[in-house]
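Secondary and tertiary structure notes
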Amino acid sequence: MSHVVIIGNGISGVTAARHIRKLSDKRITIISSETKHFFSRTALMYIYMGHMKYEHTKPYEDWFWKKNSIELKQAYVKTVDTSSKTLHFTEGDSLQYDQLIIATGSKPNKFGWPGQDLKGVQGLYSKQDLDNLEVYAPNNKVCKRAVIVGGGLIGIELAEMLRSRNIPVTFLVRETSFWNGVLPKGESEMLNRHIKNHHIDLRLNTNLKEIVSDENGKVKSVIIEETGEETPCDFVGLTAGVSPNIGFLKNTEITIGRGVKVNRFLETNIPNVYAIGDCAEQQETVGERSPIEAVWYTGRMMGETVAQTICGNKFAYKPGYWFNSAKFLDIEYQTYGWVFAKPKEQHNHFHWKHPDDTKCITIEYHKLTNEFKGINTFGIRMRHEVFDKWLSEKRSLEYVIKHLKKANFDPEFFKSFEKEIFTTYNKQLTSI
Amino acid sequence: MSLAKPDAQDISSKQKIALTLGVVGLFILSLALLNVDFSNRGWTLTASLLLITEGVILFANDAYLKKSKGIKNDDVWFKSLSSRGLLGWLTGIVLTTFYIVLYFYPHLLGLGKDGNPNTGLVSLFDPLSNLLSGNPASQWFVYGTLYTVAILVFGYKFLLKYRHNRYEQIRTISVMFFQLAFAFLIPEFMARLNSDSFNLPYYDLKNIWPLNYYNFEQYRVDDFISAGNIGLALLIFGVISIFVITPILTYKYGKRWYCSWVCGCGGLAETAGDSFRHLSDKSLKAWKLERWLVHTVLVFVVLMTTAVIYTYLSYDPEKYWLTKGIFLALVAAFLTLIFTLVMVFKRKEFGKDAQYGAIGYFVVIITLIGMHYFSSDTKLFLLEAETLRASYGFMIGSIFSGVIGTGFYPILGNRVWCRFGCPMAAILGFQQRLFSKFRITTNGGQCISCGNCSSYCEMGIDVRAYAQKGENIVRSSCVGCGICSAVCPRGVLKLENDSMKGRINPTEVLLGNDVDLMDLLNQK
Ligand SMILES: Cc1cc2nc3c(=O)[nH]c(=O)nc-3n(C[C@H](O)[C@H](O)[C@H](O)COP(=O)(O)OP(=O)(O)OC[C@H]3O[C@@H](n4cnc5c(N)ncnc54)[C@H](O)[C@@H]3O)c2cc1C
Ligand code: SF4
Ligand code: SF4
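Residues numbered from 1 in each chain as written. Chains lettered and ligands numbered in written order. Predicted model: local features only at pLDDT ≥ 70, side-chain atom pairs only at ≥ 80, totals over all residues. Heavy atoms only, no water.

Our working definition: UniProt positions are given in the numbering used here, feature names are shortened, and annotations may be inferred rather than shown by experiment.
An unreviewed UniProt entry lists chain A under the name NAD(P)/FAD-dependent oxidoreductase, from Oceanihabitans sediminis. Regarding chain A, the relevant UniProt record gives this comment under Sequence similarities (unreviewed entry): "Belongs to the FAD-dependent oxidoreductase family." Recorded in UniProt under Cofactor (unreviewed entry), the annotation for chain A is "FAD".

Below you can see the structure in the form of structure tokens.
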């Protein structure tokens, strides 16, 4: 019976384990240094805000692992010896594998800012980060102000978390408008206003220069690059993106770049060693997707795929149309297909925004053929299945706008905006 | 967790004032309970209820209107009241005590015995009762009034909390309306019609058998019959509501049309109980217990009602056109019909549950036959029908639905009764699972397994377990409250009525993945 060892008990590693179990009776061991059981990283914010407790973030009850004979080991892998197929742990012990899946996820980026390793300065990625947050920012007496550096999805979540405990937040964003490397102008600007409405001190065009320490090695303030202004604070959140967590592979035979290099079968350069999830870097990218995809569902899909390969049914990783979702404070966001911050060459944007400034959509389409390329929607839920179909059918912009109702996924009785959107569309047509 | 629970935010000074108002209102009631004699009872009661109402309204305004529209679950697990803290336990104890007194020691509330006038708390409600029905209050009138006030004021709070969600709003207005009109006012007005020659039993029209397990007891049936056409119409309505109206509405909309839009138990759970919905147990163990318990109660109530009706039909055979033999045959035929239909059309869908159903079915049928052949007229396997009725009333009607069901809100969550005990929910759920257009659709591959949906499902359904597989949720216990859909941060869940085909869609691999892999795994 061969032994599959998986490093990392996140969504990708756990999905791989579950599917291998369904397909075979191989011995399976999952290793993680973070927590004994799989929990949902995406729910970290809800624990801090008091919506849930840690145990509610576990998608499977604790008996699940034993029942499916998946062994769990809580330990940190120091290095991998691929020639003898052995893992070495920090505790000094080791483990033999026949097949190895690397699913070690990401770690927060730190760009060499002075003071980035002080107490009270951290990212938001792991359970330990959450525990530290409770130490340095439990309430607005211990933490009189927090500064967040980096305007992305985790940054805005961290801001919402801290605000839920009435901690004043200064949010430093390098870009001219929130997340405008990804979002078109109309949407990004709507979010700027939404963020400010939630009493978050949003500073656009602002870079961090330095984090200043007090006499105990704890953060005291930050200094801003552009103005030299010093802002006193008790906590600094570093949320300027994440990168693959693969430091422990440095002196091994496994080829790494920014992440663990894999081919379309998620195989590394070493036979029987695979990499999936946030830490995998595709040598050959898939469509418009980036070589490293740090999102939940791609981790899950890679887990599903690698399980097939390991169980003798070799499968390539072939994700379908891009989609994703997030929530910015009170505004839900979904995207299907590709909408770029600026329309791609030969492409155009159709944009509609509700007067209440919390709902809008942007559709990217081809200028000449009118082919529908993708949609961003804010404050309106849409049906994944329908857009997946429309994208495969290469529907036109007009078709999509006319049939938008079919794609609506808002709860029953919600006000719908298809008519307004259609009117806006007609007006724009005639004004061209 | 290694860390102690963080403190909840302090409440604002406006909220403190609001709380004080409410507490003063309750204090007046407790003074009455302690037999303080108020000179003007009408005004005192009005003042007390107004203070309570005003307190909740002010509190809710301050808590929600100052914040932006959206999900408001901050601090839920930090607050003592909503996280089984000291306040939660205290509230649980007070409520439980209240229910015990209400059911078993009503004289402690001041109910006048043997025609004596009321005293204490009950007498405080005399003026209101007189105004509505023309009769002095009973402990049930006190309870009904407080119950209605609770649904109305906490309904208001709920409306503010979910003011971004029209499904929640309309549903809540519906339960508030049904409680006020159907459960509270109409029966009181109906009582006005009564005279020596004409006597309608107290009838909350939306309260359907087997939830009101007593609806077909002899005294009520006699009253109905003696009240001429109106009475007969009501009796027929009672039969139609369970055998015709219920199946049709459940087929079209799922059991939610009743459980979270109409029902009074559901109404209280959704409004006053909203702060406790996350306390329901989501474990697989709890689900197993639920299925045994709720179906056992159903079997119990069917047997009990049959035995009770059978007994009075045999006492006074001349009085009713239905004979006991025909009655038993009808019951047996109906159950056999249901059983056959399920076995023929739904067996595949319903492996394990069908077995439960089968067991329940056989117990009932065997007992029915036993009733006919092995018992004297009044006894069923040596048990008096009356004993059955009394023990059902005590164990299920009082202890389970009242003391545990509501008294334990802050400990076990707000739908313990609806989930583990209610025989009406069992019937509706059975139908929802097998013959209904209702389901909760999962939105492709968007789920991030965060667990908000499962946490806030008051029925303890592990919604996430389905959503993260891309599978629709078709569960007999789902009351369609819509909260899972509301709290989902990724827009994954939608309550819908659509065709029966493809309603249940077990998937191995989700939308968005390689089409070949989806075909390979999902079509097998
Ligand atoms: C706050 C937050 C919110 C997010 N929200 C979303 C969202 O809304 N939508 C979305 O699509 N994505 C979201 N993400 C991203 C998503 O969570 C990740 O893409 C996903 O968790 C990656 O899964 P993974 O299995 O690749 O790795 P991980 O979940 O990171 O799991 C890797 C595990 O391996 C362990 N590990 C690493 N190295 C070693 C070692 N040497 N020895 C032992 N153990 C090791 C780590 O401790 C970790 O437990 C969010 C991420 C964060 C942090
Ligand atoms: S359905 Fe929504 S709330 Fe439930 S786990 Fe998935 S993302 Fe979270
Ligand atoms: S599954 Fe959703 S709609 Fe059904 S009871 Fe649970 S929370 Fe309510």
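**Some details on the pairing of strand S2 (residues 27-32) of chain A**
All names here are of chain A. Cut-off, in case you're wondering: Exposed residues in this analysis have more than 50% of their type's maximum accessible area, buried residues have under 20%, and partly exposed residues fall in between, with area computed by a 1.4 Å probe over protein chains only. To qualify as a helix, a DSSP run of H or I must reach at least 4 residues; to qualify as a strand, a run of E must reach at least 2; elements of each kind are numbered from the N terminus. A crossover gets the label right-handed when its path from the first strand over the helix to the second runs clockwise, viewed with the strands pointing away from the viewer. When DSSP finds at least two bridges between two strands, those strands are taken to pair.
Counting buried positions along S2 gives 5 out of 6 residues, so the element sits mostly inside the fold. As for the winding sense of the linkage, the β-α-β connection from strand S1 (residues 3-7) through helix H1 (residues 11-23) to S2 is right-handed. Bridge count for S2 against strand S3 (residues 70-74) is 5 bridges, and the pairing is parallel. Bridging from a neighbouring strand, Ser32 pairs with Gln74 of S3.

**With respect to the site of ligand 1**
Inclusion rule: When we say a residue is near a molecule or strand, we mean one of its heavy atoms is within 4 Å of it. N or O atoms closer than or at 3.5 Å make up a polar contact, with two conditions inside protein: a donor-capable atom paired with an acceptor-capable one, and, for residues adjacent in sequence, both atoms drawn from side chains. Residue burial considers only the protein chains on display, and all accessible areas are found by Shrake-Rupley using a 1.4 Å probe. Residue polarity follows a fixed list, in which Ala, Val, Leu, Ile, Met, Phe, Trp, Tyr, Cys and Pro are nonpolar, Asp, Glu, Lys and Arg are charged, and the others, Gly among them, are polar. Delimitation of the domains relies on an automatic or database domain assignment.
Near ligand 1, the surroundings consist of 32 residues, among which Ser12, Glu34, Tyr125 and Asp278 of chain A together with Arg490 of chain B are the closest. Looking at the residues close to ligand 1, they fall on chains A and B. Between an oxygen atom of ligand 1 and a main-chain N or O atom of Ile11 of chain A, the distance comes to 3.3 Å. The separation between an oxygen atom of ligand 1 and a polar side-chain atom of Arg41 of chain A is 3.0 Å. Contact with the protein chains covers 94% of the free accessible surface of ligand 1, which is 1,000 Å². Of all the secondary-structure elements, those providing two or more residues to the shell around ligand 1 are H1 and helix H5 (153-164) of chain A. Here the shell around ligand 1 is built from residues that sort into 14 nonpolar, 13 polar and 5 charged. Mapped onto the domain boundaries, the shell around ligand 1 takes at least three residues apiece from domain 1 (3-107 + 243-310) and domain 2 (121-240) of chain A.

**Regarding the interface of chain B and chain A**
The criterion, for reference: A contact between two residues is defined here by any heavy atoms of the two lying within 4.5 Å. Joining two parts hides part of their accessible area as seen by a 1.4 Å probe, and the buried area is that hidden amount summed over both. Salt bridge criterion: a side-chain nitrogen from Lys or Arg within 4 Å of a carboxyl oxygen from Asp or Glu.
Taken together, the 65 residues of chain B in the interface contact 66 residues of chain A. When chain B packs against chain A, close to 5,300 Å² is buried across both sides, 49% of that on carbon and sulfur atoms. Area buried by chain B at its contact with chain A is led by Trp77, Gln446 and Arg490 of chain B, which between them contribute 11% of it. If you look at where chain B meets chain A, you find 5 salt bridges. Taking the shortest distance from any N to any O, the salt bridge between Asp516 of chain B and Lys318 of chain A comes out at 3.2 Å. Seen at the junction of chain B and chain A, the total is 30 residue pairs in polar contact (both at pLDDT 80 or more). Within the residue set of the side of chain B that touches chain A, elements represented by two or more residues are helix H7 (166-193), strand S3 (438-442), helix H19 (452-456), helix H21 (483-487), strand S4 (493-497) and helix H22 (515-522) of chain B. Per element, the largest residue contribution to the side of chain B that touches chain A is 5 residues, and it comes from S4 of chain B. The residue inventory of the side of chain B that touches chain A, partitioned by class, reads 27 nonpolar, 24 polar and 14 charged.

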